[in-house]
There are 2 protein chains.
Amino acid sequence: MSDNKIPYKTYLTEKEMPKTWLNLNAFMKSKHDPFLNPATGKPCTSEELEAVFCKECVKQELNFTDKEIEIPEGIRSFYKTFRPSPLVRAYFLEKALDTPAEIYYKFEGNNTSGSHKLNSAAAQAYYAKQQGLTSVTTETGAGQWGTALSMAAAFFGLNLDVFMVKVSSLQKPYRREVMRTYGANVIASPSDTTEAGRKILKEFPETGGSLGCAISEAVEKAVSTPGCRYVLGSVLDHVILYQSVIGLESKAVLDRLGVYPDTVIGCVGGGSNFGGLIAPYMADKLQGRNGTEFIGVEPASCPSMTRGKYAYDFCDRAKITPLAKMYTLGCGFMPSPNHSGGLRYHGMSPIVSKLYADGYMRVEAVEQSKVFEAAITFAKTEGILPAPESSHAIRVAIDEALKCKASGQKKSILFGLTGTGYFDLAAYKQYNDGTMTDIIPTDKDLEKGFASIPKM
Amino acid sequence: MSDNKIPYKTYLTEKEMPKTWLNLNAFMKSKHDPFLNPATGKPCTSEELEAVFCKECVKQELNFTDKEIEIPEGIRSFYKTFRPSPLVRAYFLEKALDTPAEIYYKFEGNNTSGSHKLNSAAAQAYYAKQQGLTSVTTETGAGQWGTALSMAAAFFGLNLDVFMVKVSSLQKPYRREVMRTYGANVIASPSDTTEAGRKILKEFPETGGSLGCAISEAVEKAVSTPGCRYVLGSVLDHVILYQSVIGLESKAVLDRLGVYPDTVIGCVGGGSNFGGLIAPYMADKLQGRNGTEFIGVEPASCPSMTRGKYAYDFCDRAKITPLAKMYTLGCGFMPSPNHSGGLRYHGMSPIVSKLYADGYMRVEAVEQSKVFEAAITFAKTEGILPAPESSHAIRVAIDEALKCKASGQKKSILFGLTGTGYFDLAAYKQYNDGTMTDIIPTDKDLEKGFASIPKM
């Protein structure tokens, strides 16, 4: 190991774990545009949002002033079962790449859900229980978010219906079983249990579904069931707030090690892990305190930011959610069934979208086969089999480290290793068999999606 | 939480990680009987063992004097990628059971192999590489050991053939894919690639295989291939030596917390995780320094210790390995295809067998359905989805804690949570569907197995 002062892996102690989340919205001088009620064209009120989401989540969603928000004891208690997560200096990857760059990653996959999603599930399930609700609904793509919410619902004692994107439920039958083991009711989406599902099935009987479809179904079920609310795994500001625990823990460790990253890299699907990882460093940047570069990485098969439009759009396919100002491929965009289910979403977090629009970050779109190549290099050197989603960040971290090798620069690179690939072996098999293909939408495919963006 | 002084989860720092393994053999006044060469009836010599195993492993296998053995820097370096493992105070499980007992567990599943097996794989792959070998072979049951060795072989740069018990390879197709991703060649056993495999297939064409069969094939392949040796995942003394890192880390943490366990519980298949977990506490007991109770837990479907014989027997079905004095159901015993693949072995570690024979520990046999019931209680309270193997220990830890509830005793219970159940969802599905059955061998079944024990 090249530097004896920095350990391979560092955990905060229980006492050092964050007691507050960081609210990026309070740091942004230029705020993102508000959610709009599609019926009125006016900003959504608390009351309207509270019909869908938990009260406390709505309060936090609309909080643009408090820089820090306290993490309740009940949530911190559950966090202890799977946090702190390790901050790792990737010595073995550095050596394999022969790079002068220092590579760090924050590994969020050390829990049964296999990803960072549990950070937000914990908070939302806790607040639902506190509000006296008896059940929640949600959607899930790759299944990591559904598993996370199943675990949190079991812990806090809530019933749960999970609408799982059909193609993922076929690719990952055992994901369904994990959720069931924790007591959740899992429904393949589109389903015939909701109006939204029936409508989509009628129009596209052969569809493998999408996160957008599944969201429509879960929201409909929540608003039509007493004592029930809908819980979203990404995109929204309060989700990014809860995910800030990733960045806060990372910064607490790196500060202690005397490291300030030159580059922070995360994959972006709905934007929550990325928003959470970058939070404290982006807060510094918004205050003019650093020149850190932030890179979001998306799949070339679903290029919401690199090829999308910055516009008001629905968060779901059936157009029943509020309108969000975000980078979008159009709520009608049907992504190809690539393997990164968690990145297969037409839109993007309004916070991340705004930061991108305002030039605080850049985005790279990468092809699947290159992503798996990076994943396997990582697995063989650092030991962990990464999720395909996370491997998008690995791909660009490796590329940045190789640029350092070429230039001789000794940059500090931090990336988010959001999860494990234990339920993605069908995809690894395709790669190992040499049968994996890269499916990139044509301009014509995109035009079809853009046509579904509402005219404002 | 009932006791603020003890954190929920404790990790050693990198500097505090053990630098030596603990050699239980050196503490046992009454040593276990030596391995015998079946051809001569005499104790195996180093030379004979070195034809099968790595040189350094044989040296350690035959070391009955050194209490501590240094962990080489190369192994400690790889250990850093997945160790230290957390020592957890199971506050949430305690609360659910409403027990006055303090329950602690050492969680070894936080790595891609999903279990403690990587501790031993790391050491054996390192020593093979140091010896200048180019390849190794092994067998795997549930697939955790094979995955572990695949990871270690990739890290140290060795080729690897894994003979995987056929029934497990059918139940867990994705396990094969993980191993392949790390570069291993995986063969379902019995196979037609070895003499041993062909012979077993001829006699039992429909067999789902067993660890014993797979061992025969892997050993044959190793001894017939230049620059190749065989690596065993359990049973042998040097494997237990490497697994002592589990117990040493546990004791380092518990000592700091001021806790000395009254009861130490682990599942037993070949005995390596149990032997490793108990090592420092058993060393104390062998020196008369504690009254700690040690409980090994085995499946009622493969009751090597509770219903086996203490006798010299072959370690494999094809009778090509040395003879070991151990508790055994007979090398010809064909266990039922229950789900705890890792505990489906006819024999038991000679060290653990000797400790049991000499009264230093007791053993409980538990039924599968009771094991899964405990697993789900654990998952819902502590968050982690446990491996069926590990859940045998959870079952008895819960039973012991409930006894404390009845008696009012405030015992400290430590158990080994050896791994995760992410690749055992087919078994969980059976339990969730209510279709799981308990298959317990009849006395007649056992008699058949005992008939295969060689007459000495």
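First, a word on scope: everything that follows refers to the structure included in this document. (Residues numbered from 1 in each chain as written. Chains lettered and ligands numbered in written order. Predicted model: local features only at pLDDT ≥ 70, side-chain atom pairs only at ≥ 80, totals over all residues. Heavy atoms only, no water.)

## Things to note about the overall build of chain A
(1) Moving on: The number of helices and strands found in chain A is 18 helices and 15 strands.
(2) Moving on: Since a compact globule built from 456 residues should have a radius of gyration of about 23 Å, the 20 Å found for chain A is in line with a globular shape.
(3) Moving on: Considering only C-alpha atoms, chain A reaches an extent of 60 × 50 × 45 Å along its principal axes.
(4) Moving on: Residue burial in chain A is summarised as follows: out of 456 residues, 67% are buried.
(5) Moving on: Considering only contacts in chain A between residues 6 or more positions apart, those separated by 24 or more positions represent 77%.
(6) Moving on: By element, 51% of the accessible surface of chain A is carried by carbon and sulfur atoms, the whole surface being about 15000 Å². (Helix = DSSP H or I, 4+ residues; strand = E, 2+ residues; numbered from the N terminus. Rg over C-alpha atoms; globule rule 2.2 N^0.38 Å. Buried < 20%, exposed > 50% of the residue type's maximum accessible area, 1.4 Å probe, protein only. Contact = heavy atoms within 4.5 Å. Areas by Shrake-Rupley, 256 points an atom, 1.4 Å probe, with all protein chains shown as cover.)

## Quick notes on the interface of chain A and chain B
(1) Moving on: Residue-level contacts link 42 residues of chain A with 42 residues of chain B.
(2) Moving on: Regarding the contact of chain A and chain B, the summed buried area is about 3900 Å², with carbon and sulfur atoms giving 58% of it.
(3) Moving on: On the chain A side of the contact with chain B, Tyr174(A), Thr181(A) and Tyr422(A) bury the most area, a combined 16% of that side's loss.
(4) Moving on: On inspection of chain A and its partner chain B, the count reaches 2 salt bridges.
(5) Moving on: Linking Arg180(A) and Asp433(B) is a salt bridge whose minimum nitrogen-to-oxygen distance equals 2.6 Å.
(6) Moving on: Looking at the side of chain A that touches chain B, the elements that each hand over two or more residues are α7 (144-156), α9 (173-181), α15 (368-382) and α17 (425-433) of chain A.
(7) Moving on: Considering each element in turn, the side of chain A that touches chain B owes the most residues, 6 residues, to α17(A). (Buried area = accessible area lost by both parts, 1.4 Å probe. Salt bridge = Lys/Arg side-chain N within 4 Å of Asp/Glu carboxyl O.)

## Notes on the environment of Val178(A)
(1) Moving on: Tracing the backbone through its elements, the reader meets Val178(A) in helix α9.
(2) Moving on: Not counting residues within four places of it along the chain, the set of residues in contact with Val178(A) comprises Thr112(A), Thr147(A), Phe423(A) and Leu425(B).

## Quick word on the side chain of Arg83(A)
(1) Moving on: Along the polypeptide, Arg83(A) turns up in the loop between α4 (73-79) and β4 (87-89).
(2) Moving on: For Arg83(A), a relative accessible area of 1% gives the class buried.
(3) Moving on: In this structure the side chain of Arg83(A) is engaged in a polar contact, spanning 3.4 Å, whose partner is the side chain of Ser85(A).
(4) Moving on: A polar atom in the side chain of Arg83(A) sits 3.0 Å from the side chain of Glu249(A).
(5) Moving on: For Arg83(A), the residues in contact, after removing those within four places along its chain, are Met17(A), Lys106(A), Glu108(A), Asn119(A), Val245(A), Ile246(A), Glu249(A) and Lys9(B). (Polar contact = N/O pair within 3.5 Å; in protein donor to acceptor, adjacent residues only side chain to side chain.)

## Points about the relation of the copies chain A and chain B
The relation between the two chain copies is a rotation about an axis coupled with a shift along that axis.
(1) Moving on: Superposition of chain A onto chain B requires a rotation of 180° combined with a translation of 0.0 Å along the rotation axis, giving an RMSD of 0.0 Å. This pairing of chains is accounted for by a two-fold axis. By C-alpha distance to the rotation axis, the residue of chain A lying nearest is Asn110(A), at 3.1 Å.
(2) Moving on: By residue overlap, the copies meet face to face through one surface: 100% of the interface positions of chain A are interface positions in chain B. (Least-squares fit on C-alpha atoms with pLDDT ≥ 70 in both.)

## Focus on the sheet that holds strand β1 (residues 9-10) of chain A
By way of backbone hydrogen bonds, the strands of a sheet pair with one another, either parallel or antiparallel.
All names here are of chain A.
(1) Moving on: Overall, mixed pairing links the 7 strands, which are arranged β1-β4-β5-β15-β10-β11-β14 in an open sheet. Each edge of the open sheet carries a strand with a single partner, namely β1 and β14 (362-366).
(2) Moving on: In terms of strand pairing, strand β10 (residues 263-267) meets strand β11 (residues 293-299) through 5 bridges, oriented parallel. Bridge pairing in β11 links cysteine 267 to valine 297.
(3) Moving on: Relative to the sheet, helix α16 (residues 388-407) contacts β5 (102-107), β10, β11, β14 and β15 (412-417), its axis offset from that of β15 by approximately 170°. (Pairing = 2+ DSSP bridges. Axes fitted to C-alpha atoms, helices over the stretch in contact; angles between N-to-C directions.)

## What about the pairing of strand β11 (residues 293-299) of chain B?
Residue and element names in this part refer to chain B.
(1) Moving on: Judged by how many residues are buried, β11 sits mostly within the fold: 6 of 7 residues are covered.
(2) Moving on: Inspection of the sheet shows β11 paired to strand β14 (residues 362-366) by 5 bridges, in the parallel sense. Its bridge partner being in β14, glutamate 298 is matched across the sheet by alanine 365.

## Topic: the environment of Leu87(A)
All names here are of chain A.
(1) Moving on: Note that leucine 87 resides in strand β4.
(2) Moving on: A sequence separation of 163 residues divides leucine 87 from serine 250, and the C-alpha atoms of the two residues are 6.3 Å apart.
(3) Moving on: Excluding anything up to four places from it in sequence, leucine 87 contacts Tyr8, Lys9, Thr10, Tyr104, Tyr105, Lys106, Ser250, Val253, Leu254 and Leu414.

## Concerning the pattern of salt bridges
(1) Moving on: Evaluation of the coordinates by the stated rule reveals 50 salt bridges over all chains.
(2) Moving on: When the shortest N-O distance is used, the salt bridge between Arg256(B) and Glu16(B) registers 2.8 Å. In this pair, Arg256(B) sits in helix α11 (residues 237-257) while Glu16(B) sits in the loop between β1 (9-10) and β2 (20-22), placing the two residues 240 residues apart along the sequence.
(3) Moving on: Linking Lys403(B) and Glu400(B) is a salt bridge whose minimum nitrogen-to-oxygen distance equals 2.8 Å. Here Lys403(B) pairs with Glu400(B), and both are found in helix α15 (residues 388-407), just 3 residues apart, close to one helical turn.
(4) Moving on: Overall, Lys403(B) belongs to the partly exposed group, its relative accessible area being 46%.
(5) Moving on: Connected via shared salt-bridge partners are Glu293(A), Arg362(A), Glu364(A), Glu400(A) and Lys403(A).

## Brief notes about the packing of aromatic side chains
(1) Moving on: The tally for this structure, following the rule as stated, stands at 44 aromatic pairs over all chains.
(2) Moving on: An angle of 70° between the planes, with centres 5.6 Å apart, marks the rings of Phe78(B) and Phe82(B) as edge-to-face. The same class applies to Phe78(B) as to Phe82(B), namely buried.
(3) Moving on: Taken together, the ring pairs connect Tyr8(A), Phe92(A), Trp21(B), Phe78(B), Tyr79(B), Phe82(B), Tyr126(B), Tyr127(B), Phe155(B), Phe156(B) and Tyr242(B) into an aromatic cluster.
(4) Moving on: The cationic tip of Arg175(A) hangs over the ring face of Phe423(A); the distance from NZ or CZ to the ring centre is 4.3 Å.
(5) Moving on: One Lys or Arg, Lys325(B), reaches over the ring of Tyr310(B) and ends 4.7 Å from the middle of that ring. (Phe/Tyr/Trp six-rings, centres within 6.5 Å; stacked < 30°, edge-to-face > 60°. Lys NZ or Arg CZ within 6 Å of the ring centre and 35° of its normal.)

## Considering the nonpolar core
One recurring pattern in soluble globular proteins: nonpolar side chains tend to sit buried together.
(1) Moving on: Of all hydrophobic cores here, the largest spans 229 residues; its most connected members are Trp21(A) and Trp21(B).
(2) Moving on: Per element, the largest residue contribution to this core is 9 residues, and it comes from helix α12 (residues 237-257) of chain A. (Core = buried A, V, L, I, M, F, W, Y, C linked by side-chain atoms within 4.5 Å.)

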